[in-house]
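Topology and contacts: notes
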Amino acid sequence: SKQNTKAILFLVGEPVFDSNSYFLDIKTEIIKQGLVGKIILAGFRSDLDKMFSIMDLFIYPSLEKDTSPLSLLSALSSGLPTAVSSIESLREINEKIPAISLFDPSNQSDITNIFQKFEVKHLRAKTGKSINLEFANQFSIKLNTLKIMEVINSI
């Protein structure tokens, strides 16, 4: 970030393709652009709760249908300001939690705008609280248990 020289892009996940050529291309580009230390490739992590505690913004950039976005749901439950790709399956979550920002993953300026939007600390805090509350109202265990019991009792 030109506005925040202390900003770090933290990428979590591992290659899901048959080879690691995409991952190596990313590493090469980081070096080529002089961004070593500004972009951290964390690889696969099983301790996302700890990762969320160091994040100011969670971006979920899926390109194709994603029906089990567990890391996204975890980020939402943590109250992180969140932005997701505007693909159909993620727009469904946005309909339930409108505080989630949407972006076109093929449009670089859309993604840049998301980063710039959340440079404002009070906006991150306000959005995070709203997301946490909306998540609890839409996806809480208690609510889902009640819905399941309604179905069971109707049989």
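Rules behind the numbers
- Residues numbered from 1 in each chain as written.
- Predicted model: local features only at pLDDT ≥ 70, side-chain atom pairs only at ≥ 80, totals over all residues.
- Heavy atoms only, no water.
- Helix = DSSP H or I, 4+ residues; strand = E, 2+ residues; numbered from the N terminus.
- Buried < 20%, exposed > 50% of the residue type's maximum accessible area, 1.4 Å probe, protein only.
- Contact = heavy atoms within 4.5 Å.
- Areas by Shrake-Rupley, 256 points an atom, 1.4 Å probe, with all protein chains shown as cover.
- Lys, Arg positive; Asp, Glu negative; His and termini not counted.
- Charge placed at Lys NZ, Arg CZ, Asp CG, Glu CD.
- Phe/Tyr/Trp six-rings, centres within 6.5 Å; stacked < 30°, edge-to-face > 60°.
- Arc of directions from axis to C-beta.
- Pairing = 2+ DSSP bridges.
- Axes fitted to C-alpha atoms, helices over the stretch in contact; angles between N-to-C directions.
- pLDDT = per-residue confidence, 0-100.
- Parallel < 35°, antiparallel > 145°, perpendicular 65-115°, else oblique.
- Nonpolar A, V, L, I, M, F, W, Y, C, P; charged D, E, K, R; others polar.

All right, on to the overall build of the chain then. On a plain count of helices and strands, the chain comes out with 7 helices and 5 strands. The secondary structure elements of the chain, listed N-terminal to C-terminal, are β-α-β-α-β-α-β-α-β-α-α-α. Along the first, second and third principal axes, the C-alpha set of the chain runs to 60 × 40 × 30 Å. When burial is assessed residue by residue, the chain has 26% of its 155 residues classed as buried. Considering only residue pairs separated by 6 or more positions, the chain has 55% of its internal contacts joining residues 24 or more positions apart. For the chain, the exposed surface amounts to about 10700 Å²; the carbon and sulfur share of it is 56%. Each charge class in the chain was averaged separately, 17 positive and 17 negative side chains, and the resulting centres sit 10 Å apart.

The next point concerns the packing of aromatic side chains. Overall, the coordinates contain 3 aromatic pairs when judged by the stated rule. Measuring from ring centre to ring centre gives 5.7 Å for F52 and F58, while their planes differ by 85°; the resulting arrangement is edge-to-face. By relative accessible area, which is 6% here, F52 ends up buried. Residue F58 is classed as buried on the basis of its relative accessible area, which comes to 9%.

Attention now moves to helix α4 (residues 88-96). Three or four residues apart is the spacing at which side chains of an α-helix point the same way, because the helix has 3.6 residues per turn. Listed in full, the buried residues belonging to α4 are S89, L90, I93 and N94. Viewed along the axis of α4, the buried residues span an arc of 150°, placing them on a single side of the element. Facing away from the buried surface of α4 by more than 90 degrees, the exposed residues are E88 and E95. Looking at the buried positions of α4, the neighbouring elements they touch are β3 (58-60), α3 (70-77), β4 (82-85) and β5 (101-103).

Moving on to the side chain of T127. Relative to the assigned elements, T127 resides in helix α6 (residues 121-139). For T127, the contacting residues outside a window of four places in its chain are P81, A99 and F118.

For the rest of this paragraph, the subject is the sheet that holds β4. Taken together, the 3 strands give an open sheet; going across it, the order is β3-β4-β5, and neighbouring strands pair in parallel fashion. Looking at which strands have only one partner, the edges of the open sheet turn out to be β3 and β5. When strand polarity is set aside, the average angle formed by the axes of neighbouring strands in this sheet is 20°. Here β4 pairs with β5 via 3 bridges, running parallel. Each bridged residue has a counterpart across the sheet, and for V84 the counterpart in β5 is L102. Across the face of the sheet, α3 comes into contact with β3 and β4 while running at roughly 155° to β3.

What follows covers the confidence of the model for the chain. Per-chain confidence: the chain averages 88 in pLDDT, with 95% of residues scoring 70 or above. Of all secondary-structure elements in the chain, the lowest mean pLDDT belongs to helix α2 (residues 48-52), at 86, while β5 reaches the highest, 95.

The next point concerns the environment of S77. Structurally, the position occupied by S77 is in helix α3. The spacing of S77 and A42 is 35 residues in sequence and 21 Å in space, taken between C-alpha atoms. When residues no more than four places from it in sequence are discounted, the contact partners of S77 are N132 and F135.

What follows concerns the packing of α6 against helix α7 (residues 141-154). The interhelical angle for the contact between α6 and α7, taken along N-to-C directions, is 20°, at an axis separation of 6 Å. Relative to α7, the element α6 lies roughly parallel. Contacts from N137, Q138 and F139 of α6 reach α7 at I141, L143 and N144. A class-by-class count of the residues in the contact of α6 with α7 yields 3 nonpolar, 3 polar and no charged.

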